[in-house]
Amino acid sequence: MPVAVGPYGQTQPSCFDRVKMGFMMGFAVGMAAGAMFGTFSCLRIGMRGRELMGGVGKTMMQSGGTFGTFMAIGMGIRC
Amino acid sequence: MSRNFENATDTPCSVFFPWRIVDDCGGAFTMGAIGGGIFQAVKGFRNAPSGMSHRMRGSLTAIKTRAPQLGGSFAVWGGLFSMIDCSLVKVRGKEDPWNSITSGAMTGAILAARNGPVAMVGSAAMGGILLGLIEGVGILLTRFASSQFPTGPQFAEEPAPAPMSGPSFGDYRQYQ
């Protein structure tokens, strides 16, 4: 796989930059998805109030981490 | 994306039509296998009975049993997603984020088809929302990146670079 070569010269980000960007992107996507799906599932099992906030936050961090890891791998295997 | 979890526009469909599907399928398998390996290693390590050799063996067993499964399901998702995405590009004649959102939803629906219509709707909504989020974050990231690099717009005029060497962002510019 080509690493930093390409028609773009200096503007081509390095491999580690791409992995980092993939992780950040995946983390953002995972946080947003976790906020949505976590709210539903926590409401469904009957959490309310402060407990709900904690549950949603935990789901958000978990899915953000999972997504970020997978996205970073996905970027990593393509450079 | 991904390419189920990644941006779906690295390789253009119209030029390398069938190869993008194979590419996505294999990439998704690799991604799922590696990611599943990492997570299952931790899980197997924690769930095994105490003692270092037990933990190592549990970790290895978990990786061997679960990581290929996860890779396979990722590959199914990625391959079907890519097929539908390319078909939509062909049918609609344009490439925009709606293609991947629609194909994410359709992939979710098709893969849940054996569980009944309710599961299909739920799975389709999940796929569509997920792909919509990914596309939205990709567009935001492109805006951010193009504001950082003032010479950025030359990306867009590039007529399809060699497959898999193109920048992962910057392809979105044509959608705006």
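Conventions we followed
Residues numbered from 1 in each chain as written. Chains lettered and ligands numbered in written order. Predicted model: local features only at pLDDT ≥ 70, side-chain atom pairs only at ≥ 80, totals over all residues. Heavy atoms only, no water. UniProt positions renumbered as here; feature names shortened; annotations may be inferred. Axes fitted to C-alpha atoms, helices over the stretch in contact; angles between N-to-C directions. Helix = DSSP H or I, 4+ residues; strand = E, 2+ residues; numbered from the N terminus. Parallel < 35°, antiparallel > 145°, perpendicular 65-115°, else oblique. Left-handed = near helix turned anticlockwise from the far one by under 90°. Contact = heavy atoms within 4.5 Å. Nonpolar A, V, L, I, M, F, W, Y, C, P; charged D, E, K, R; others polar. Expected span 1.5 Å × (residues − 1). Buried < 20%, exposed > 50% of the residue type's maximum accessible area, 1.4 Å probe, protein only. Patch = residues over 30% accessible without salt bridge, like charges linked within 9 Å, V, L, I, M, F, W, Y side chains within 5 Å. Areas by Shrake-Rupley, 256 points an atom, 1.4 Å probe, with all protein chains shown as cover. Salt bridge = Lys/Arg side-chain N within 4 Å of Asp/Glu carboxyl O. Disulfide = S-S within 2.5 Å. Core = buried A, V, L, I, M, F, W, Y, C linked by side-chain atoms within 4.5 Å.

- Chain B is annotated in an unreviewed UniProt entry as Mitochondrial import inner membrane translocase subunit TIM17 of Salarias fasciatus.
- Per UniProt, the comment on chain B under Function (unreviewed entry) is "Essential component of the TIM23 complex, a complex that mediates the translocation of transit peptide-containing proteins across the mitochondrial inner membrane."
- One UniProt comment on chain B, placed under Subcellular location (unreviewed entry), says "Mitochondrion inner membrane".

- Chain A goes by Reactive oxygen species modulator 1 in an unreviewed UniProt entry, where it is assigned to Periophthalmus magnuspinnatus.
- Listed under Sequence similarities (unreviewed entry) in UniProt, the entry text for chain A is "Belongs to the MGR2 family."
- UniProt's Subcellular location (unreviewed entry) comment on chain A is quoted here verbatim: "Membrane".

1. A short note on the packing of helix 1 (residues 15-44) of chain A against helix 4 (residues 117-148) of chain B
Packed helix pairs are specified by the crossing angle of their axes together with the interaxial distance, meaning the distance between the axes.
Next up, step 1: Relative to each other, helix 1 of chain A and helix 4 of chain B sit at 140°, their axes nearing to 10 Å. Looking at the two axes, helix 1 of chain A sits oblique to helix 4 of chain B. Between helix 1 of chain A and helix 4 of chain B lies a crossing whose hand is right-handed. Together, M21(A), M25(A), A28(A), V29(A), A32(A), A33(A), M36(A) and F37(A) of helix 1 of chain A and M126(B), I129(B), L130(B), L133(B), I134(B), V137(B), G138(B) and L141(B) of helix 4 of chain B make up the contact between the two elements.
Next up, step 2: The class makeup of the residues in the contact of helix 1 of chain A with helix 4 of chain B is 15 nonpolar, one polar and no charged.

2. Description of helix 3 (residues 97-111) of chain B
Residue and element names in this part refer to chain B.
Next up, step 1: In this model helix 3 runs 21 Å from its N-terminal to its C-terminal C-alpha over 15 residues, within 8% of the 21 Å that 1.5 Å per residue would give.
Next up, step 2: Among all positions in helix 3, only P97, N99, S100, I101, S103, G104, T107, G108 and A109 are buried.
Next up, step 3: Residues of helix 3 that are buried sit in contact with helix 2 (52-92) and helix 4.

3. As for a nonpolar patch on the surface
Residue and element names in this part refer to chain B.
Next up, step 1: Judged by side-chain polarity, V76, M106, I110 and L111 come together as a nonpolar surface patch covering roughly 320 Å² of accessible area.
Next up, step 2: A total of three residues in the nonpolar patch trace back to one element, the largest contributor, which is helix 3.
Next up, step 3: With respect to the secondary-structure elements, L111 resides in helix 3.
Next up, step 4: With relative accessibility at 38%, the residue L111 sits in the partly exposed group.

4. A few points about the state of the cysteines
Residue and element names in this part refer to chain B.
Next up, step 1: Applying the stated criterion to the full structure yields zero disulfides over all chains.
Next up, step 2: Take C25: it sits in no disulfide, and the sulfur closest to it among the cysteines is that of C86, at 12 Å.
Next up, step 3: The exposure class assigned to C25 is partly exposed, which follows from its relative accessible area of 29%.

5. Description of the nonpolar core
The tendency in soluble globular proteins is for nonpolar side chains to be buried side by side.
Next up, step 1: Counting twelve residues, the largest nonpolar core is built from M21(A), M25(A), V29(A), A33(A), F67(A), M71(A), M75(A), L130(B), L133(B), I134(B), V137(B) and L141(B).
Next up, step 2: The element contributing the most residues to this core is helix 4 of chain B, with five residues.
Next up, step 3: Grouped together as the second largest cluster of nonpolar side chains are five residues, F70(A), I73(A), A28(B) and F74(B) included.

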